[in-house]
Every structure is written in structure tokens, then in C-alpha cells.
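Chain and residue survey
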Amino acid sequence: MMLSASSCTVDEQTEFCYNPRKAADKQEDKLLDVHCCDDLTTIEPAAWDSLFWADNPFCRHAFLAALEQGGSVGEGTGWLPQHLLVYRANNLVAAMPMYLKLHSYGEYLFDWTIAEAYQRQQLSYYPKLLCAIPFTPAQGPRLGLAPGENSEQLYKLIHQAILQRQQQLACSNFQCLYPDIALQQIMRQHGLLERFDVQFQWHNQHYTDFAGFLARLPSRKRKQISKERRQVQQQGIEVITFDGNNLPTDFWPQFVGFYQATYQKRSGHNGYLTPATFALWGQYMADSIVVFAAYAQGKLVAASLCFKSADCLYGRYWGCVAEFDKLHFECCYYAGIDYCIANKLARFDAGAQGEHKLKRGFVPVIRHGFYHFSPGPLVDAISDYCQREQAALLDYQQQTLQP
């Protein structure tokens, strides 16, 4: 049965400090201590960001802190921060963004089937311990390391600390969603169960313009895309690209309205993100933001909010005031492809799900999640389920790759 957010609060949790002196004899481990942090603002942004040296906007202190400060995660949301921090002689040398989860919303590599199996057996599935970027199904770093630190050595320590925390908080399982390749390999070596996900991404084949991209597609796809772009133009709509530093002054309130209206229509609520979180992103992450804004008769009618790294554009949120024919495809796919070509970005990760992206030049890619379940009667069945799911999704990927 799902726990409410009030049934397990940060204040009620046991203070956690894992000292490897009690668990390891290696000399190099003796200066290491692991702590859990329930408030990222207590960590210096520069110290956190120095660990996540990979150019990924979602690992940045500003992105995660905006979720906490803006109230999108924290008390009452079912996302309780439990960031794992490793110190060597009082210096922060490793970190993992982590949360105590009281439900499975906002994760995208969903585990509803497993949760339902627990419920049928009258077992508690929540809370669970989750290493992930909230509401962000994009592969990227999940273990930040200081320069010169050994990832495999530190993960051994972190793995033991996670298992201890999992037991302390009576969590049914620990999950790590969409980690980068390096952490995937380490987690496999530690025997975590693995699940697959299929997403659809666009890859830049050194195109010089959109026409060059279209030329590589089959005729039916070229015709469909060209027709859809014309339909947007014929409605008198102009799509303008902004970066986060030159957005119109009234953009954020309007966009929040679009975002909330989209969720109301789809799910009957205002979405997971608060206006305060969007405002904080606009203030502190402007350099990482790209917006494709649609105007009709000079009025903003729709927009797609993206984030970028040095080589990838990430499509994240979309909203509009009314239905316009094919405008979603223009703002969420074609304008992004144009942007990647013009700025020589290697990939366009347009978000989770969406088999319709295949018709628009995107290809299926496999993404990964890793799991450790506390001992119980369902562990063997879950392992079998994961293996069968992997085989099914690999088969699905191969089928969707067919022209």
C-alpha cells in the first residue's frame, strides 16, 4: 500500500554516518566517511559541481537545488533528498544524488509491475531508495568524483553504505536510473539487477543543414516532415529560438501556465514542477537553457523548454494555449534538430517514450536501470522478470530499427 509523504519525513530518519574504519582494513579507506545530506543548499555549489566534471546540466548543483528550494521535491512530494556524500579528511571527494521515494511517479523507468507484485503479496514496496535526477529520464553521471579518485574503490564503499541505509530506512530496494556507461559497468560487477528502457534519440551525422538531414531519410519520411513544417507556417506561426539569457521578460509566467495546462489536460494536476523551480532555473541555469517559442500574431502561444550540454540538446517540457496543427512536432523535434545542426551538437535527446519519433528521424537506443532488492520471497521472480524484459526490449529495438 502506498505510503503518504507524511508517514516518513526527513526529521524522523536516523542520523546516518558510515565509517569504513568499521568495515574495511585498507589504509587508503581509513580517511573516508560517508554521510547523507537532506538539503543540497548546505553543500557549496562549487564543491558539488567539481565532482560532476562531465558536461551534464542535470547534475549541476543549480538544477538539483532549484528542485529542493522550489518545493518540487521535499516534504509533501514523495521525493525526500538523501544525497550520499563521501569525505576524505573533511574534503568532499564523491557524491550521488539520491532520494527516499514514497511512490514511483516522475521516474520514467517505471516499476509499477514490481510494486503491484509486492502489494499482491501484502508486502511493503515503499519507501525505496533512488539514485536519479528527478523527473529527468536522461542518461548521465550519477556518481560524482573528485579528480584522481578511483571510481571502483569508492563505489565499494558507497555500495556498502547504500545497503546499510537501505536497511536503516526499511526500504524494499535501491535503484539507480539512467547512469552513465562507467557506472553501469561498476554496478554490473557488483551484481545489481539490470533493467532496460528504450528511448528515441536523434544523431547528427555531420549535417550542414536541415535539407541534408532530410536527404538521408526514406522518401515517405521526407514528405511527411516537409508537409508538417509547411502546415505550421500556413497557420501563420513563427517559431523563434531563445537561449536562457535573452528570454522575453514575461516568458516564465506564461510558460508555467502552458506547462500546468498541459498536465491538467493529461493528468488532472498542475505537474510536478513548481513555478519557483522554473524561476530558479531561469535565474541560475540560463547558460544551459534553450527555448523554442511559437508566436501567432505576435502572441506567445506555445513553447518547448530544453537544456543543453556541449554535445547534446535535451528536450524537457512543452506547453501551449490551444491546439495548433503539427506545432508540437515543430517545437519539440524539428526546431531542436535545426538547433543541433546549426550548433554542431552530436545528439538530440527529446525525452522519454514516443514511438512516433521514429517517423521524424529519431532512432531507438537502450537505456539502463540498476536495482538491489532487500531479501524476500519475490527476489528470484524479479530477477527472472528483469531478464525477460531485457530480451523483449532488445527485440523491440531491433524491430523498430527496420526501415
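Just so you know, these numbers come straight off a predicted model, no measurement behind them. (Residues numbered from 1 in each chain as written. Predicted model: local features only at pLDDT ≥ 70, side-chain atom pairs only at ≥ 80, totals over all residues. Heavy atoms only, no water.)

**Things to note about the overall build of the chain**
Within the chain one finds 11 helices and 16 strands. The principal-axis extents of the C-alpha atoms in the chain amount to approximately 70 × 45 × 45 Å. Contacts in the chain between residues at least 24 apart in sequence constitute 74% of all its contacts with a sequence separation of at least 6. Surface summary for the chain: the accessible area is close to 18000 Å², and the carbon and sulfur share equals 49%. Distance from the positive charge centre (35 side chains) to the negative charge centre (39 side chains) of the chain: 9 Å. (Helix = DSSP H or I, 4+ residues; strand = E, 2+ residues; numbered from the N terminus. Contact = heavy atoms within 4.5 Å. Areas by Shrake-Rupley, 256 points an atom, 1.4 Å probe, with all protein chains shown as cover. Lys, Arg positive; Asp, Glu negative; His and termini not counted. Charge placed at Lys NZ, Arg CZ, Asp CG, Glu CD.)

**Here's the deal with the confidence of the model for the chain**
Scored by pLDDT, the chain comes out at a mean of 92, with 92% of its residues at no less than 70. Ignoring residues within four places in sequence, the model shows residues 1–14, a span with pLDDT below 50, making 32 contacts including any to other chains. (pLDDT = per-residue confidence, 0-100.)

**Quick look at the environment of proline 57**
You can see proline 57 is positioned in the loop between helix H1 (45–51) and helix H2 (61–69). Setting aside anything within four residues of it in sequence, one finds proline 57 in contact with Phe63, Met285, Ser288, Phe307, Lys308, Ser309 and Tyr314.

**Some details on the sheet that holds strand E6 (residues 98–101)**
The 11 strands are arranged E3-E6-E7-E9-E16-E10-E15-E14-E13-E12-E11 in an open sheet whose pairing can be described as mixed. Of all strands in the sheet, those with a lone pairing partner are strand E3 (79–81) and strand E11 (237–243), marking the two edges. Neighbour-to-neighbour, the strand axes of the sheet open up by a mean angle of 30 degrees, direction not taken into account. As defined by bridge partners, E11 adjoins strand E12 (residues 289–296) across 7 bridges and the pair is classed as antiparallel. (Pairing = 2+ DSSP bridges. Axes fitted to C-alpha atoms, helices over the stretch in contact; angles between N-to-C directions.)

**Details of the packing of H2 against helix H9 (residues 275–284)**
Across the interface, H2 lies against H9 with an axial gap of 8 Å and an inter-helix angle of 150 degrees. With respect to H9, the element H2 is oriented roughly antiparallel. Remark: the crossing between H2 and H9 carries right-handed chirality. Of H9, the residues touching H2 (which contributes Ala62, Phe63, Ala66, Leu67 and Gln69) are Thr277, Leu280, Trp281 and Tyr284. Residue composition of the contact of H2 with H9, by class: 7 nonpolar, 2 polar and no charged. (Parallel < 35°, antiparallel > 145°, perpendicular 65-115°, else oblique. Left-handed = near helix turned anticlockwise from the far one by under 90°. Nonpolar A, V, L, I, M, F, W, Y, C, P; charged D, E, K, R; others polar.)

**Quick word on the side chain of serine 304**
As for its position among the elements, serine 304 is in strand E13 (residues 299–308). Other than its neighbours up to four places away in sequence, serine 304 contacts Val290, Val291, Phe292, Tyr317, Trp318, Cys331 and Cys332.

**Here we look at the pairing of strand E14 (residues 312–320)**
Within E14, 9 of the 9 residues are buried, leaving the element largely enclosed by the surrounding structure. Of the strand pairs in this sheet, E13 and E14 are connected by 7 bridges, and their pairing is antiparallel. Of the residues in E14, the one forming a bridge with phenylalanine 307 is tyrosine 314. Linking two consecutive strands that pair antiparallel, namely E13 and E14, is a turn of 3 residues. (Buried < 20%, exposed > 50% of the residue type's maximum accessible area, 1.4 Å probe, protein only.)

**Thoughts on the packing of aromatic side chains**
Under the counting rule described, the total for this entry stands at 37 aromatic pairs. Taking the centre distance of 5.6 Å and the plane angle of 65 degrees together, the rings of phenylalanine 58 and phenylalanine 307 count as edge-to-face. Placement of the pair is phenylalanine 58 in the loop between H1 and H2 and phenylalanine 307 in strand E13, with a sequence separation of 249 residues. Assigned by exposure class, phenylalanine 58 and phenylalanine 307 land together as buried. Judged by centre distance (6.2 Å) and plane angle (10 degrees), the ring pair of tyrosine 371 and phenylalanine 373 falls under stacked. Residue tyrosine 371 shares its accessibility class with phenylalanine 373, and that shared class is buried. Over the ring of tyrosine 317 we find arginine 316, and its NZ or CZ is 5.1 Å from the ring centre. In this arrangement the basic side chain of arginine 360 is found over the ring face of phenylalanine 329, its NZ or CZ atom lying 3.7 Å from the centre. (Phe/Tyr/Trp six-rings, centres within 6.5 Å; stacked < 30°, edge-to-face > 60°. Lys NZ or Arg CZ within 6 Å of the ring centre and 35° of its normal.)

**Some remarks on H9**
Think of an α-helix as 3.6 residues a turn; residues three or four steps apart then line up on the same face. Within H9 the residues assigned to the buried category are Thr277, Phe278, Leu280, Trp281 and Gly282. Structurally, H9 contributes buried residues whose contacts are with H2, helix H8 (251–267), E12, E13 and E14.

**Digging into the nonpolar core**
The nonpolar side chains of a soluble globular protein tend to be buried, and buried together. Formed by 97 residues in total, the largest nonpolar core has its most connected members in Phe255, Phe278 and Trp281. Ranked by residue count, the leading element in this core is H8, at 7 residues. In terms of nonpolar packing, the next biggest core, distinct from the first, is built from 39 residues, Ala294, Cys306, Trp318 and Tyr334 among them. (Core = buried A, V, L, I, M, F, W, Y, C linked by side-chain atoms within 4.5 Å.)

**Focus: the pattern of salt bridges**
Within the structure shown, the criterion is met by 12 salt bridges. We note a salt bridge from glutamate 389 to arginine 195, for which the minimum N-O separation is 2.8 Å. Placement of the pair is glutamate 389 in helix H11 (residues 379–401) and arginine 195 in strand E10 (residues 193–203), with a sequence separation of 194 residues. By relative accessible area, which is 3% here, arginine 195 ends up buried. Residues joined by salt bridges that share partners form a network here, namely Lys101, Glu107, Asp111 and Lys128. (Salt bridge = Lys/Arg side-chain N within 4 Å of Asp/Glu carboxyl O.)

**Brief notes about the environment of alanine 94**
Within the secondary structure layout, alanine 94 lies in strand E5 (residues 91–96). Note: C-alpha distance between alanine 94 and leucine 193 (99 residues apart in sequence) is 23 Å. Not counting residues up to four positions away in its chain, the partners in contact with alanine 94 are Leu51, Leu84, Leu85, Val86, Leu143, Gly144, Leu145, Leu154 and Ile158.

**Regarding the packing of H8 against H9**
Taken N-terminus to C-terminus, the directions of H8 and H9 make an angle of 135 degrees; their axes are 10 Å apart at the nearest point. The pairing of H8 with H9 is recorded here as oblique in orientation. In this structure, the crossing between H8 and H9 has a hand that is right-handed. Between H8 and H9, the contacting residues are Trp252, Phe255, Val256, Tyr259 and Gln260 on the first element and Pro275, Phe278 and Gly282 on the second. Grouping the amino acids of the contact of H8 with H9 by side-chain chemistry returns 6 nonpolar, 2 polar and no charged.

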